[in-house]
Amino acid sequence: MKDVVQGQLVHLTEMRDGDAEWLQDTQWEPGLLRNLSADAFHPWTASEYAELAAEPDRDDKFFFMVRANADDGLLGWVILDDVQFKNRRADLGIALPVASDRGQGFGTDTLDTILSFAFNELGLHKVTLNVNANNFPAIHAYTAVGFIREGVNREAVFQDGQWLDLYQYGILADEWRQRQ
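Residues numbered from 1 in each chain as written. Predicted model: local features only at pLDDT ≥ 70, side-chain atom pairs only at ≥ 80, totals over all residues. Heavy atoms only, no water.

A. Main features of the overall build of the protein. Helix and strand counts for the protein stand at six helices and seven strands. In the protein, the order of α-helices and β-strands from amino to carboxyl end is β-α-α-α-β-β-β-α-β-α-β-β-α. In terms of C-alpha radius of gyration, the protein reaches 16 Å, essentially the compact-globule figure of 16 Å for 180 residues. Seen through its C-alpha atoms, the protein measures out along the principal axes to roughly 50 × 40 × 30 Å. (Helix = DSSP H or I, 4+ residues; strand = E, 2+ residues; numbered from the N terminus. Rg over C-alpha atoms; globule rule 2.2 N^0.38 Å.)

Here you go:
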């Protein structure tokens, strides 16, 4: 049986001692806060990051730390949020804060790994996400694993004195499985 939290390059774990402080420190990496969500307005404290991972028995949120298989080094986090078991869907969020960790396949492997968990373990039918229209590396990673742009929330993000669109992406379980 395939381990649904083990990818080719990464594995997903619980939050461990020191992880919340690492997230607090790495949130200052260039561009990270601006692209986490449409309204990332304030930096988070370590305790706020710890709260994000708290309550492991909740069925509407699954939060994982992302670690490299090679050395168990911390790379970031991924979350399935607003999980709806009746509708079999969830929203996805991901962050690999350190720029030098990007562009090496960790992001796409993290996406494939969390989608394996969502579709094979939780039995979800669809996973969705939102992304700023100018976040080209993220859009590339999402489309590489099979996400399809489903909508545009026009001029929904104000950044650098201009309005940006917010794209909605989604992937169905069958679409993801066909790519595997």
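Don't stop here, the text continues.
B. Here's a closer look at the layout of surface pockets. The computed volume of the second largest pocket comes to approximately 220 Å³. Residue lining of the second largest pocket: 13 residues in total, with A53, P56, F62, F63 and F64 positioned closest to the centre. Looking at the lining of the second largest pocket, the elements that each hand over two or more residues are helix 3 (46-53) and strand 2 (61-68). In terms of residue count, strand 2 provides more of the lining of the second largest pocket than any other element does, four residues in total. For the lining of the second largest pocket, the per-class residue count stands at eight nonpolar, one polar and four charged. (1 Å grid on protein atoms, 1.4 Å probe; cavity = no way out; pocket = protein on both sides within 12 Å on 5 of 7 lines; lining within 4 Å. Points joined across faces, edges and corners; volume = space filled by probe spheres on them. Nonpolar A, V, L, I, M, F, W, Y, C, P; charged D, E, K, R; others polar.)

C. Seen up close, the sheet that holds strand 2. In spatial order, the strands read 1-2-3-4-5-7-6; together these seven strands make up an open sheet with mixed pairing. At either margin of the open sheet sits one strand with a lone partner, and together these are strand 1 (10-13) and strand 6 (148-159). This sheet shows a mean twist of 25° between the axes of neighbouring strands, independent of strand direction. Relative to strand 7 (residues 162-172), strand 6 runs antiparallel, the two sharing eight bridges. In the sheet register, R149 faces strand 7, and the bridge partner there is Y169. Along the sheet, helix 4 (residues 106-121) contacts strand 1, strand 2, strand 3 (74-84), strand 4 (89-95), strand 5 (126-132) and strand 7; its crossing angle with strand 1, the most-contacted strand, is approximately 50°. Contacts from helix 5 (residues 136-144) reach strand 4, strand 5 and strand 7 within the one sheet, and its direction differs from that of strand 5 by about 160°. (Pairing = 2+ DSSP bridges. Axes fitted to C-alpha atoms, helices over the stretch in contact; angles between N-to-C directions. Contact = heavy atoms within 4.5 Å.)

D. Region of the structure containing the side chain of T128. Here T128 shows up in strand 5. Taking relative accessible area as the criterion, T128 reaches 12% and is therefore assigned buried. Not counting chain neighbours up to four residues away, the residues in contact with T128 comprise R89, A90, D91, L92, E150, Y169 and G170. (Buried < 20%, exposed > 50% of the residue type's maximum accessible area, 1.4 Å probe, protein only.)

E. Summary view of the environment of R58. Note on placement: R58 falls in the loop between helix 3 and strand 2. Among the residues examined, R58 registers a relative accessible area of 29% and is labelled partly exposed. Among the polar contacts made by the side chain of R58, one reaches the side chain of D60 at a distance of 2.9 Å. (Polar contact = N/O pair within 3.5 Å; in protein donor to acceptor, adjacent residues only side chain to side chain.)

F. Quick peek at the pattern of salt bridges. Applying the stated rule across the entire model yields seven salt bridges. Among the salt bridges present, the one from D19 reaches R67, with a minimum N-O distance of 2.3 Å. Taken together, the positions of D19 in helix 1 (residues 19-26) and R67 in strand 2 put the pair 48 residues apart, joining distant regions of the chain. Just as D19 is buried, R67 falls in that class too. Beyond isolated ion pairs, a larger network of salt bridges with shared partners links E14, R16 and D72. (Salt bridge = Lys/Arg side-chain N within 4 Å of Asp/Glu carboxyl O.)

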